[in-house]
Amino acid sequence: MFWLGFGIYTIFMVLIFGFFIVAKIHTYKFRHYSVHIEPVTKALAIVLLILALVGYYLIFSGDTGNAPIQTVETANTQIY
């Protein structure tokens, strides 16, 4: 199950970063129109990298929010 999640997440990240690189190339063509294009693109790259690393950390640690199920046994005394 680990390898399936790891593979799906890796493919998803490759697609996201691929779209980001294409968008970065296209926006840098018009960077002379605004001084905000380069800093925003760098900030977006840092945010994407941090989120990708956090996702890999969650996959490797196995902490996906699933809490272990605890069973509770109770003695049930019925008085008639």
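These numbers come from a predicted model, not from an experiment.

Rules used throughout
- Residues numbered from 1 in each chain as written.
- Predicted model: local features only at pLDDT ≥ 70, side-chain atom pairs only at ≥ 80, totals over all residues.
- Heavy atoms only, no water.
- Helix = DSSP H or I, 4+ residues; strand = E, 2+ residues; numbered from the N terminus.
- Buried < 20%, exposed > 50% of the residue type's maximum accessible area, 1.4 Å probe, protein only.
- Polar contact = N/O pair within 3.5 Å; in protein donor to acceptor, adjacent residues only side chain to side chain.
- Salt bridge = Lys/Arg side-chain N within 4 Å of Asp/Glu carboxyl O.

Draft legend 1. Region of interest: the environment of Ser34. Looking at the element boundaries, Ser34 is found in the loop between helix 1 (2-28) and helix 2 (37-61). Ser34 sits in the partly exposed class, given a relative accessible area of 27%. Once the C-alpha coordinates of Ser34 and Ala75 are considered, the two residues, 41 residues apart in sequence, prove to be 72 Å apart. From its side chain, Ser34 meets the backbone nitrogen of His36 in a polar contact 3.2 Å long.

Draft legend 2. Region of interest: the pattern of salt bridges. All chains considered together, the criterion is met by 1 salt bridge. Taking the shortest distance from any N to any O, the salt bridge between Glu38 and Arg31 comes out at 3.9 Å. Since its relative accessible area comes to 42%, Arg31 is described here as partly exposed.

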